[in-house]
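Residue strings, one per chain:
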Amino acid sequence: MSEPGAPIAPDRIGSTSVPAAAPASLAAPTATEGLTAADLHKAFGDHPVLRGVDLTVPDGAFAAVLGASGSGKTTLLRILAGFERPDRGVVAVGGVILDDDHHHLRAERRRVGYVPQEGSLFPHLTVEGNVGFGLRVREGREAEIAELLERVGLSGLGRRYPHELSGGQQQRVALARALAVRPRIVLLDEPFASLDAGLRATVRADVRAAVRRSGATAVLVTHDQDEALSIADLVAVIRDGVVAQVAPPRDLYESPVDPDLARFVGEANLIEGISYGSAAETPLGWLELRDGHRPARQQVTVLVRPEQLRVAASAGGGPGVAARVVETGFHGHDALVRLVMEDAAASPMVARVVGGMRLEAGAQVTLKVTGPVHCWPTPPAGDASPDLPAAQPDAGPG
Ligand SMILES: Nc1ncnc2c1ncn2[C@@H]1O[C@H](COP(=O)(O)OP(=O)(O)OP(=O)(O)O)[C@@H](O)[C@H]1O
Ligand SMILES: [Mg+2]
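Residues numbered from 1 in each chain as written. Chains lettered and ligands numbered in written order. Predicted model: local features only at pLDDT ≥ 70, side-chain atom pairs only at ≥ 80, totals over all residues.

A count of helical and extended segments in the protein chain gives eight helices and 20 strands. For the protein chain, the residues scored as buried account for 40% of the 398 residues in total. (Helix = DSSP H or I, 4+ residues; strand = E, 2+ residues; numbered from the N terminus. Buried ≥ 20, exposed ≤ 12 C-beta atoms within 10 Å, placed from the backbone.)

Okay, here's the thing in C-alpha coordinates:
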(Lines give C-alpha, C1' and ligand atoms only; values in the text may rest on other atoms or scores of the structure.)
(Ligands and ions follow the chains in the order given, each with its own letter.)
Protein backbone atom coordinates (compact mmCIF):
# COMPACT_ATOMS: atom_id res chain seq x y z
CA MET A 1 0.00 0.00 0.00
CA SER A 2 1.27 3.48 -0.84
CA GLU A 3 1.61 6.09 1.89
CA PRO A 4 -0.88 8.91 2.22
CA GLY A 5 0.17 11.61 -0.18
CA ALA A 6 1.85 9.19 -2.57
CA PRO A 7 0.78 9.77 -6.15
CA ILE A 8 -1.66 7.36 -7.66
CA ALA A 9 0.01 4.70 -9.80
CA PRO A 10 0.05 5.93 -13.41
CA ASP A 11 -1.80 2.85 -14.64
CA ARG A 12 -4.67 3.65 -12.25
CA ILE A 13 -5.23 7.18 -13.47
CA GLY A 14 -8.25 7.16 -15.73
CA SER A 15 -9.10 3.62 -14.66
CA THR A 16 -12.80 2.96 -14.62
CA SER A 17 -12.50 -0.44 -13.05
CA VAL A 18 -13.34 -1.18 -9.46
CA PRO A 19 -10.40 -2.66 -7.58
CA ALA A 20 -10.63 -6.28 -6.50
CA ALA A 21 -10.71 -5.13 -2.89
CA ALA A 22 -13.69 -2.82 -3.45
CA PRO A 23 -16.76 -3.55 -1.36
CA ALA A 24 -19.62 -5.38 -3.00
CA SER A 25 -21.82 -2.30 -2.52
CA LEU A 26 -19.86 -0.28 -5.09
CA ALA A 27 -21.37 -0.63 -8.53
CA ALA A 28 -18.94 -0.12 -11.39
CA PRO A 29 -18.55 3.63 -11.81
CA THR A 30 -19.95 5.07 -15.03
CA ALA A 31 -18.89 8.14 -16.99
CA THR A 32 -21.98 10.04 -15.76
CA GLU A 33 -21.04 9.58 -12.12
CA GLY A 34 -19.78 12.79 -10.68
CA LEU A 35 -18.72 11.45 -7.33
CA THR A 36 -18.88 8.09 -5.62
CA ALA A 37 -18.01 7.29 -2.04
CA ALA A 38 -18.39 3.65 -1.08
CA ASP A 39 -18.12 1.99 2.31
CA LEU A 40 -16.04 4.82 3.77
CA HIS A 41 -14.73 4.16 7.28
CA LYS A 42 -12.85 6.60 9.47
CA ALA A 43 -12.01 6.49 13.17
CA PHE A 44 -10.02 8.91 15.31
CA GLY A 45 -8.25 6.76 17.90
CA ASP A 46 -10.90 4.34 19.13
CA HIS A 47 -13.73 6.72 18.21
CA PRO A 48 -15.37 5.58 14.95
CA VAL A 49 -16.85 8.52 13.02
CA LEU A 50 -17.69 7.07 9.61
CA ARG A 51 -18.82 3.43 9.63
CA GLY A 52 -19.54 2.68 5.98
CA VAL A 53 -20.69 5.80 4.17
CA ASP A 54 -22.12 5.23 0.68
CA LEU A 55 -22.93 8.23 -1.47
CA THR A 56 -23.22 8.74 -5.22
CA VAL A 57 -23.72 12.23 -6.63
CA PRO A 58 -24.49 12.35 -10.37
CA ASP A 59 -22.31 14.52 -12.59
CA GLY A 60 -23.22 18.20 -12.21
CA ALA A 61 -25.69 17.60 -9.37
CA PHE A 62 -25.78 19.61 -6.14
CA ALA A 63 -25.95 17.36 -3.08
CA ALA A 64 -26.37 18.30 0.56
CA VAL A 65 -25.15 16.15 3.43
CA LEU A 66 -27.28 16.79 6.48
CA GLY A 67 -26.26 15.63 9.94
CA ALA A 68 -26.12 16.65 13.58
CA SER A 69 -23.07 18.41 14.98
CA GLY A 70 -20.25 15.89 15.39
CA SER A 71 -21.82 13.35 13.02
CA GLY A 72 -18.77 13.38 10.73
CA LYS A 73 -19.75 15.83 7.98
CA THR A 74 -16.45 17.72 7.93
CA THR A 75 -14.57 14.42 8.18
CA LEU A 76 -16.41 13.13 5.11
CA LEU A 77 -15.74 16.33 3.17
CA ARG A 78 -12.04 16.30 4.07
CA ILE A 79 -11.80 12.70 2.84
CA LEU A 80 -13.50 13.64 -0.44
CA ALA A 81 -11.10 16.57 -0.80
CA GLY A 82 -8.09 14.35 -0.13
CA PHE A 83 -6.97 16.10 3.08
CA GLU A 84 -7.80 13.03 5.14
CA ARG A 85 -7.37 9.40 4.17
CA PRO A 86 -10.18 6.90 4.88
CA ASP A 87 -9.35 3.81 6.96
CA ARG A 88 -11.31 1.81 4.40
CA GLY A 89 -13.48 2.41 1.35
CA VAL A 90 -13.38 3.95 -2.09
CA VAL A 91 -13.63 7.49 -3.45
CA ALA A 92 -14.05 7.87 -7.21
CA VAL A 93 -14.73 10.89 -9.41
CA GLY A 94 -16.08 10.35 -12.93
CA GLY A 95 -15.12 6.69 -12.62
CA VAL A 96 -11.51 7.48 -11.67
CA ILE A 97 -10.50 6.00 -8.34
CA LEU A 98 -8.92 8.55 -6.00
CA ASP A 99 -8.88 6.51 -2.81
CA ASP A 100 -9.00 2.83 -2.10
CA ASP A 101 -6.96 0.35 -0.05
CA HIS A 102 -3.95 0.87 -2.28
CA HIS A 103 -4.16 4.39 -3.62
CA HIS A 104 -4.50 7.94 -2.45
CA LEU A 105 -4.49 10.85 -4.87
CA ARG A 106 -3.17 14.02 -3.24
CA ALA A 107 -5.63 16.88 -2.65
CA GLU A 108 -3.89 19.26 -5.04
CA ARG A 109 -4.27 16.77 -7.89
CA ARG A 110 -8.00 16.15 -7.42
CA ARG A 111 -9.41 19.29 -9.13
CA VAL A 112 -11.52 19.87 -6.06
CA GLY A 113 -12.63 23.32 -4.91
CA TYR A 114 -12.95 23.35 -1.13
CA VAL A 115 -14.66 26.03 0.94
CA PRO A 116 -13.87 25.21 4.58
CA GLN A 117 -16.17 25.66 7.56
CA GLU A 118 -14.37 28.66 9.03
CA GLY A 119 -13.38 31.89 7.32
CA SER A 120 -10.47 30.94 5.14
CA LEU A 121 -9.35 34.10 3.33
CA PHE A 122 -5.77 35.32 3.55
CA PRO A 123 -6.16 38.60 5.46
CA HIS A 124 -3.07 40.20 3.91
CA LEU A 125 -4.23 39.59 0.33
CA THR A 126 -6.85 41.56 -1.57
CA VAL A 127 -9.95 39.90 -2.99
CA GLU A 128 -8.10 39.53 -6.31
CA GLY A 129 -5.09 38.09 -4.52
CA ASN A 130 -7.24 35.58 -2.68
CA VAL A 131 -9.15 34.47 -5.77
CA GLY A 132 -6.01 34.24 -7.90
CA PHE A 133 -4.00 32.43 -5.24
CA GLY A 134 -4.33 28.99 -6.80
CA LEU A 135 -3.97 30.21 -10.39
CA ARG A 136 -0.62 29.81 -12.04
CA VAL A 137 0.76 32.99 -13.56
CA ARG A 138 -0.47 32.98 -17.11
CA GLU A 139 -2.03 35.06 -19.83
CA GLY A 140 -5.52 36.26 -19.05
CA ARG A 141 -5.23 35.74 -15.30
CA GLU A 142 -6.73 39.15 -14.51
CA ALA A 143 -9.60 38.61 -16.90
CA GLU A 144 -10.26 35.24 -15.33
CA ILE A 145 -10.34 36.71 -11.82
CA ALA A 146 -12.70 39.46 -13.00
CA GLU A 147 -14.98 36.86 -14.54
CA LEU A 148 -15.00 34.79 -11.35
CA LEU A 149 -15.84 37.87 -9.27
CA GLU A 150 -18.67 38.70 -11.62
CA ARG A 151 -19.96 35.16 -11.34
CA VAL A 152 -20.26 35.46 -7.56
CA GLY A 153 -21.67 39.00 -7.72
CA LEU A 154 -18.56 40.86 -6.49
CA SER A 155 -17.52 42.85 -9.55
CA GLY A 156 -15.58 45.97 -8.60
CA LEU A 157 -14.51 44.74 -5.16
CA GLY A 158 -11.25 43.11 -6.27
CA ARG A 159 -8.98 45.66 -4.58
CA ARG A 160 -10.57 45.37 -1.16
CA TYR A 161 -9.13 43.40 1.74
CA PRO A 162 -11.17 40.75 3.58
CA HIS A 163 -11.74 43.01 6.61
CA GLU A 164 -13.41 45.51 4.27
CA LEU A 165 -16.07 42.97 3.24
CA SER A 166 -19.25 41.73 4.87
CA GLY A 167 -19.48 38.10 5.99
CA GLY A 168 -21.55 37.19 2.94
CA GLN A 169 -19.09 38.87 0.58
CA GLN A 170 -16.21 36.99 2.23
CA GLN A 171 -18.06 33.71 1.70
CA ARG A 172 -18.47 34.54 -1.97
CA VAL A 173 -14.74 35.33 -2.29
CA ALA A 174 -14.01 31.92 -0.77
CA LEU A 175 -16.31 30.36 -3.35
CA ALA A 176 -14.70 32.31 -6.21
CA ARG A 177 -11.31 31.04 -5.05
CA ALA A 178 -12.63 27.47 -4.97
CA LEU A 179 -14.05 27.88 -8.50
CA ALA A 180 -10.78 29.38 -9.78
CA VAL A 181 -9.16 25.95 -10.09
CA ARG A 182 -12.00 24.96 -12.49
CA PRO A 183 -12.96 22.12 -10.18
CA ARG A 184 -14.88 19.03 -11.14
CA ILE A 185 -16.05 18.84 -7.55
CA VAL A 186 -16.93 21.72 -5.23
CA LEU A 187 -17.07 20.93 -1.51
CA LEU A 188 -18.74 23.43 0.81
CA ASP A 189 -18.57 23.04 4.59
CA GLU A 190 -21.46 24.94 6.23
CA PRO A 191 -20.59 28.05 4.20
CA PHE A 192 -23.59 30.08 5.35
CA ALA A 193 -23.52 29.27 9.06
CA SER A 194 -22.16 32.64 10.16
CA LEU A 195 -24.58 34.72 8.08
CA ASP A 196 -27.79 36.26 9.39
CA ALA A 197 -31.08 34.88 8.09
CA GLY A 198 -31.72 37.60 5.49
CA LEU A 199 -28.24 37.50 3.98
CA ARG A 200 -28.14 33.70 4.10
CA ALA A 201 -30.98 33.31 1.60
CA THR A 202 -29.33 35.69 -0.89
CA VAL A 203 -25.83 34.27 -0.59
CA ARG A 204 -27.23 30.73 -0.75
CA ALA A 205 -29.00 31.51 -4.04
CA ASP A 206 -25.88 33.25 -5.46
CA VAL A 207 -23.64 30.34 -4.51
CA ARG A 208 -26.11 27.83 -5.93
CA ALA A 209 -26.25 29.74 -9.23
CA ALA A 210 -22.46 30.18 -9.45
CA VAL A 211 -21.81 26.49 -8.82
CA ARG A 212 -24.51 25.49 -11.31
CA ARG A 213 -22.94 27.72 -14.00
CA SER A 214 -19.51 26.22 -13.34
CA GLY A 215 -20.91 22.76 -14.17
CA ALA A 216 -19.13 21.24 -11.16
CA THR A 217 -20.59 18.48 -9.02
CA ALA A 218 -21.17 19.93 -5.55
CA VAL A 219 -21.45 18.59 -2.02
CA LEU A 220 -22.51 20.99 0.72
CA VAL A 221 -22.61 19.88 4.34
CA THR A 222 -24.94 21.47 6.84
CA HIS A 223 -26.84 20.73 10.04
CA ASP A 224 -29.70 23.01 8.90
CA GLN A 225 -32.47 20.94 7.29
CA ASP A 226 -34.06 24.02 5.77
CA GLU A 227 -30.84 24.82 3.95
CA ALA A 228 -30.36 21.24 2.76
CA LEU A 229 -33.91 20.94 1.44
CA SER A 230 -33.88 24.31 -0.31
CA ILE A 231 -30.47 24.19 -2.02
CA ALA A 232 -29.90 20.60 -3.09
CA ASP A 233 -30.99 18.25 -5.87
CA LEU A 234 -30.22 15.40 -3.53
CA VAL A 235 -30.01 15.26 0.27
CA ALA A 236 -28.10 12.59 2.19
CA VAL A 237 -28.71 12.30 5.93
CA ILE A 238 -25.75 11.04 7.91
CA ARG A 239 -26.59 9.25 11.16
CA ASP A 240 -24.58 6.88 13.32
CA GLY A 241 -21.72 7.01 10.83
CA VAL A 242 -23.72 5.90 7.78
CA VAL A 243 -26.00 7.54 5.22
CA ALA A 244 -29.44 6.77 6.64
CA GLN A 245 -31.25 8.01 3.52
CA VAL A 246 -30.41 9.78 0.29
CA ALA A 247 -33.22 11.23 -1.78
CA PRO A 248 -34.43 14.35 -3.59
CA PRO A 249 -35.59 16.93 -1.00
CA ARG A 250 -39.31 16.39 -1.53
CA ASP A 251 -39.05 12.61 -1.25
CA LEU A 252 -36.95 12.91 1.90
CA TYR A 253 -39.49 15.27 3.48
CA GLU A 254 -42.57 13.31 2.42
CA SER A 255 -41.31 9.74 2.74
CA PRO A 256 -38.49 9.55 5.30
CA VAL A 257 -37.20 6.06 6.07
CA ASP A 258 -38.19 6.13 9.73
CA PRO A 259 -39.86 8.35 12.35
CA ASP A 260 -36.56 9.72 13.71
CA LEU A 261 -35.54 10.82 10.25
CA ALA A 262 -38.99 12.39 9.80
CA ARG A 263 -38.40 14.51 12.93
CA PHE A 264 -34.89 15.41 11.81
CA VAL A 265 -35.98 16.92 8.49
CA GLY A 266 -38.85 19.05 9.82
CA GLU A 267 -41.74 19.19 12.25
CA ALA A 268 -43.53 15.86 12.38
CA ASN A 269 -46.82 14.70 13.89
CA LEU A 270 -46.57 10.95 14.46
CA ILE A 271 -49.83 9.18 15.21
CA GLU A 272 -50.71 5.53 15.55
CA GLY A 273 -53.21 3.90 13.26
CA ILE A 274 -54.31 0.71 11.54
CA SER A 275 -53.80 0.37 7.79
CA TYR A 276 -56.39 -1.18 5.50
CA GLY A 277 -54.94 -1.31 2.00
CA SER A 278 -54.47 2.23 0.72
CA ALA A 279 -55.87 4.04 3.78
CA ALA A 280 -55.33 4.06 7.54
CA GLU A 281 -57.75 4.61 10.39
CA THR A 282 -56.30 7.09 12.91
CA PRO A 283 -57.47 9.46 15.64
CA LEU A 284 -57.54 12.11 12.86
CA GLY A 285 -59.94 10.01 10.78
CA TRP A 286 -59.35 7.90 7.68
CA LEU A 287 -56.18 9.03 5.91
CA GLU A 288 -55.05 8.19 2.40
CA LEU A 289 -51.62 6.51 2.32
CA ARG A 290 -49.04 8.03 0.00
CA ASP A 291 -47.11 4.93 -0.92
CA GLY A 292 -49.90 2.66 -2.03
CA HIS A 293 -50.97 -0.53 -0.38
CA ARG A 294 -50.27 -1.90 3.09
CA PRO A 295 -51.39 -5.30 4.27
CA ALA A 296 -54.83 -5.22 5.89
CA ARG A 297 -54.95 -4.58 9.65
CA GLN A 298 -51.34 -3.59 10.13
CA GLN A 299 -50.39 -1.39 13.08
CA VAL A 300 -48.73 1.69 11.55
CA THR A 301 -47.15 4.97 12.63
CA VAL A 302 -48.43 7.77 10.41
CA LEU A 303 -46.55 10.97 9.54
CA VAL A 304 -48.65 14.12 9.22
CA ARG A 305 -46.67 17.27 8.42
CA PRO A 306 -47.92 20.48 10.13
CA GLU A 307 -48.95 22.03 6.80
CA GLN A 308 -51.18 19.01 6.13
CA LEU A 309 -53.33 19.86 9.14
CA ARG A 310 -56.15 22.28 8.30
CA VAL A 311 -57.36 24.19 11.34
CA ALA A 312 -60.86 25.73 11.38
CA ALA A 313 -62.70 27.58 14.15
CA SER A 314 -65.26 25.22 15.74
CA ALA A 315 -67.91 27.95 15.43
CA GLY A 316 -67.79 27.44 11.67
CA GLY A 317 -69.07 23.92 12.22
CA GLY A 318 -66.75 22.46 9.56
CA PRO A 319 -65.97 18.76 9.38
CA GLY A 320 -63.01 17.40 11.29
CA VAL A 321 -61.78 16.26 14.67
CA ALA A 322 -62.35 18.49 17.70
CA ALA A 323 -59.18 19.98 19.22
CA ARG A 324 -58.05 22.74 21.55
CA VAL A 325 -55.20 25.22 21.01
CA VAL A 326 -52.43 24.93 23.61
CA GLU A 327 -50.10 27.64 22.27
CA THR A 328 -49.19 29.49 19.11
CA GLY A 329 -45.68 30.36 17.93
CA PHE A 330 -45.69 33.26 15.47
CA HIS A 331 -43.00 33.15 12.75
CA GLY A 332 -44.01 36.02 10.50
CA HIS A 333 -44.57 34.03 7.32
CA ASP A 334 -46.70 31.53 9.25
CA ALA A 335 -47.55 30.37 12.73
CA LEU A 336 -47.09 26.96 14.34
CA VAL A 337 -50.03 26.04 16.51
CA ARG A 338 -49.75 23.35 19.16
CA LEU A 339 -53.04 21.54 19.77
CA VAL A 340 -54.51 18.61 21.64
CA MET A 341 -57.34 16.48 20.30
CA GLU A 342 -60.35 16.46 22.63
CA ASP A 343 -61.22 12.78 22.29
CA ALA A 344 -57.82 11.14 22.04
CA ALA A 345 -54.97 10.47 24.39
CA ALA A 346 -52.60 11.27 21.52
CA SER A 347 -49.70 13.64 22.25
CA PRO A 348 -50.02 17.29 21.12
CA MET A 349 -50.10 17.99 17.39
CA VAL A 350 -48.49 20.87 15.51
CA ALA A 351 -50.28 22.65 12.66
CA ARG A 352 -48.85 25.30 10.36
CA VAL A 353 -51.24 28.16 9.81
CA VAL A 354 -50.69 30.83 7.16
CA GLY A 355 -52.49 34.11 6.69
CA GLY A 356 -54.07 36.24 9.37
CA MET A 357 -55.77 33.49 11.40
CA ARG A 358 -55.33 34.25 15.10
CA LEU A 359 -55.59 31.29 17.42
CA GLU A 360 -55.30 32.02 21.13
CA ALA A 361 -54.58 29.36 23.74
CA GLY A 362 -57.80 27.57 24.71
CA ALA A 363 -59.58 28.18 21.37
CA GLN A 364 -61.81 25.29 20.22
CA VAL A 365 -61.07 24.23 16.66
CA THR A 366 -61.53 21.34 14.24
CA LEU A 367 -58.67 19.54 12.50
CA LYS A 368 -58.67 17.94 9.09
CA VAL A 369 -55.79 16.27 7.24
CA THR A 370 -55.27 17.19 3.60
CA GLY A 371 -53.38 15.07 1.10
CA PRO A 372 -51.90 11.60 1.40
CA VAL A 373 -49.70 10.64 4.34
CA HIS A 374 -46.65 8.43 4.79
CA CYS A 375 -46.55 5.55 7.27
CA TRP A 376 -44.28 2.81 8.61
CA PRO A 377 -45.18 -0.46 10.28
CA THR A 378 -45.05 0.24 14.02
CA PRO A 379 -42.12 -1.71 15.52
CA PRO A 380 -42.90 -3.97 18.47
CA ALA A 381 -42.54 -2.21 21.83
CA GLY A 382 -38.90 -1.86 22.90
CA ASP A 383 -37.61 -1.99 19.32
CA ALA A 384 -36.56 1.65 19.05
CA SER A 385 -34.97 3.12 15.94
CA PRO A 386 -31.70 5.07 16.24
CA ASP A 387 -31.87 8.47 17.89
CA LEU A 388 -31.41 11.73 16.10
CA PRO A 389 -31.54 15.06 17.88
CA ALA A 390 -34.78 17.00 17.52
CA ALA A 391 -35.34 19.21 14.49
CA GLN A 392 -33.91 22.73 14.28
CA PRO A 393 -34.92 24.92 17.23
CA ASP A 394 -36.57 27.63 15.11
CA ALA A 395 -39.00 25.13 13.63
CA GLY A 396 -41.07 24.73 16.79
CA PRO A 397 -43.70 27.00 18.22
CA GLY A 398 -42.90 29.77 20.65
N1 LIG B 1 -8.49 15.26 13.74
C2 LIG B 1 -9.32 14.74 14.64
N3 LIG B 1 -8.86 14.07 15.71
C4 LIG B 1 -9.69 13.53 16.61
N5 LIG B 1 -11.05 13.60 16.54
C6 LIG B 1 -11.57 14.25 15.51
C7 LIG B 1 -10.75 14.88 14.51
N8 LIG B 1 -11.56 15.45 13.60
C9 LIG B 1 -12.82 15.21 14.02
N10 LIG B 1 -12.84 14.50 15.16
C11 LIG B 1 -14.04 14.02 15.87
O12 LIG B 1 -14.85 13.34 14.94
C13 LIG B 1 -16.23 13.62 15.15
C14 LIG B 1 -16.81 14.19 13.88
O15 LIG B 1 -16.23 15.46 13.63
P16 LIG B 1 -16.65 16.35 12.38
O17 LIG B 1 -15.85 17.60 12.45
O18 LIG B 1 -16.52 15.53 11.15
O19 LIG B 1 -18.19 16.60 12.69
P20 LIG B 1 -19.22 17.57 11.96
O21 LIG B 1 -20.39 16.74 11.58
O22 LIG B 1 -18.54 18.33 10.88
O23 LIG B 1 -19.66 18.54 13.15
P24 LIG B 1 -20.07 20.11 13.10
O25 LIG B 1 -21.48 20.15 12.58
O26 LIG B 1 -20.02 20.51 14.54
O27 LIG B 1 -19.09 20.85 12.24
C28 LIG B 1 -16.27 14.56 16.34
O29 LIG B 1 -16.55 13.79 17.49
C30 LIG B 1 -14.88 15.15 16.40
O31 LIG B 1 -14.54 15.49 17.70
MG1 LIG C 1 -18.12 20.31 10.61
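Back to the write-up after that little detour.
Turning our eyes to something else, we now look at the environment of D101. Secondary-structure assignment places D101 in the loop between β5 (96-99) and β6 (112-115). Sequence spacing of D101 and G89 is 12 residues, and the spatial spacing of their C-alpha atoms is 7.0 Å.

Before going further, it helps to spend a moment on the sheet that holds strand β18 (residues 349-353). With respect to topology, five strands assemble into an open sheet ordered β15-β19-β16-β17-β18, the strand pairing being antiparallel. Single-partner strands in this sheet number two, and they are β15 (309-313) and β18. When strand polarity is set aside, the average angle formed by the axes of neighbouring strands in this sheet is 45°. Pairing of strand β17 (residues 335-341) with β18, which is carried by five bridges, proceeds in the antiparallel orientation. Looking at β18, one finds that A335 is bridged to V353. (Pairing = 2+ DSSP bridges. Axes fitted to C-alpha atoms, helices over the stretch in contact; angles between N-to-C directions.)

Neighbouring ligand 1 are the residues F44, V49, G67, S69, G70, S71, G72, K73, T74, T75, Q117 and H223. Top element by residues in the shell around ligand 1 is helix α1 (residues 73-81). It accounts for three residues. (Near = placed C-beta within 6 Å.)

What follows covers helix α4 (residues 167-180). The end-to-end C-alpha separation of α4 is 20 Å, in line with the 20 Å expected for 14 residues at 1.5 Å each. Extensive coverage of α4 is indicated by the burial of 12 of its 14 residues. Inspection of α4 places G168, Q170, Q171, R172, V173, A174, L175, A176, R177, A178, L179 and A180 among the buried residues, and these make up the whole buried set. Looking at the packing, one finds that the buried side of α4 touches β6, α2 (127-131), α3 (141-151), β7 (185-189) and α5 (197-214). Once α4 ends, the next one or two residues include R182, with phi positive near 50°. (Expected span 1.5 Å × (residues − 1). Contact = placed C-beta atoms within 7 Å.)

This brings us to the pairing of strand β4 (residues 88-93). The buried count for β4 comes to five of six residues, which makes it a mostly enclosed element. Of the strand pairs in this sheet, strand β1 (residues 33-44) and β4 are connected by five bridges, and their pairing is antiparallel. Bridge pairing in β4 links T36 to A92. For β4 and β5, the ladder comprises three bridges, and the chain directions are antiparallel. Bridge pairing in β5 places V93 opposite V96.

Positive phi, close to 55°, is recorded for R111, a residue that is not glycine. As for its placement among the helices and strands, R111 is situated in the loop between β5 and β6. Judged by C-beta crowding, with 13 C-beta atoms within 10 Å, R111 ranks as partly exposed. Unusually for a residue other than glycine, E190 sits at a positive phi of about 45°.

Turning our attention to the sheet that holds strand β11 (residues 269-277). The sheet built from five strands is open, its strands ordered β13-β12-β11-β14-β20 with antiparallel pairing. Strands at the two margins of the open sheet, each flanked by one partner only, are β13 (285-288) and β20 (374-377). Between one strand axis and the next, the sheet turns through 40° on average, direction left out of account. In terms of strand pairing, strand β12 (residues 279-282) meets β13 through four bridges, oriented antiparallel. Within the sheet, the bridge partner assigned to E281 lies in β13 and is W286.

Side chains of residues three or four places apart in an α-helix project in the same direction, reflecting 3.6 residues per turn. In this model, α5 (18 residues) spans 26 Å end to end at C-alpha, consistent with the 26 Å of a helix rising 1.5 Å per residue. Of the surrounding elements, those touching the buried residues of α5 are β3 (62-66), α3, α4, β7 and β8 (217-222). Positioned one or two residues after α5, G215 has a phi angle of 80°, which is positive.

Now for the nonpolar core. Core analysis: the largest hydrophobic core is formed by 99 residues, its most contacted members being A63, A176, L187 and V219. Examining the composition of this core, we find that seven residues originate from one element, α4, more than from any other. Counting the residues that make up this core, at least three belong to each of domain 1 (10-251) and domain 2 (267-381 + 389-395). Not counting residues within four places of it along the chain, the set of residues in contact with L187 comprises L77, L80, A81, V112, Y114, V115 and V219. (Core = buried A, V, L, I, M, F, W, Y, C linked by C-beta atoms within 7 Å. Domains from an automatic or database assignment.)

A separate point is the packing of α4 against α5. Packed helices, taken two at a time, are described by the angle their axes make and the gap between the axes. At a closest axis distance of 10 Å, the pairing of α4 and α5 adopts a crossing angle of 10°. Taken together, the axis directions place α4 and α5 in an arrangement best described as roughly parallel. The handedness of the crossing between α4 and α5 is right-handed. When α4 is examined against α5, the residues G168, Q171, R172, L175 and L179 are found in contact with a partner set consisting of L199, V203, D206, V207, A210 and S214. In terms of residue class, the contact of α4 with α5 is built from six nonpolar, three polar and two charged. (Parallel < 35°, antiparallel > 145°, perpendicular 65-115°, else oblique. Left-handed = near helix turned anticlockwise from the far one by under 90°. Nonpolar A, V, L, I, M, F, W, Y, C, P; charged D, E, K, R; others polar.)

Within the element layout of this structure, D39 appears in strand β1. Sequence separation between D39 and G89 is 50 residues; the distance between their C-alpha atoms is 4.8 Å.

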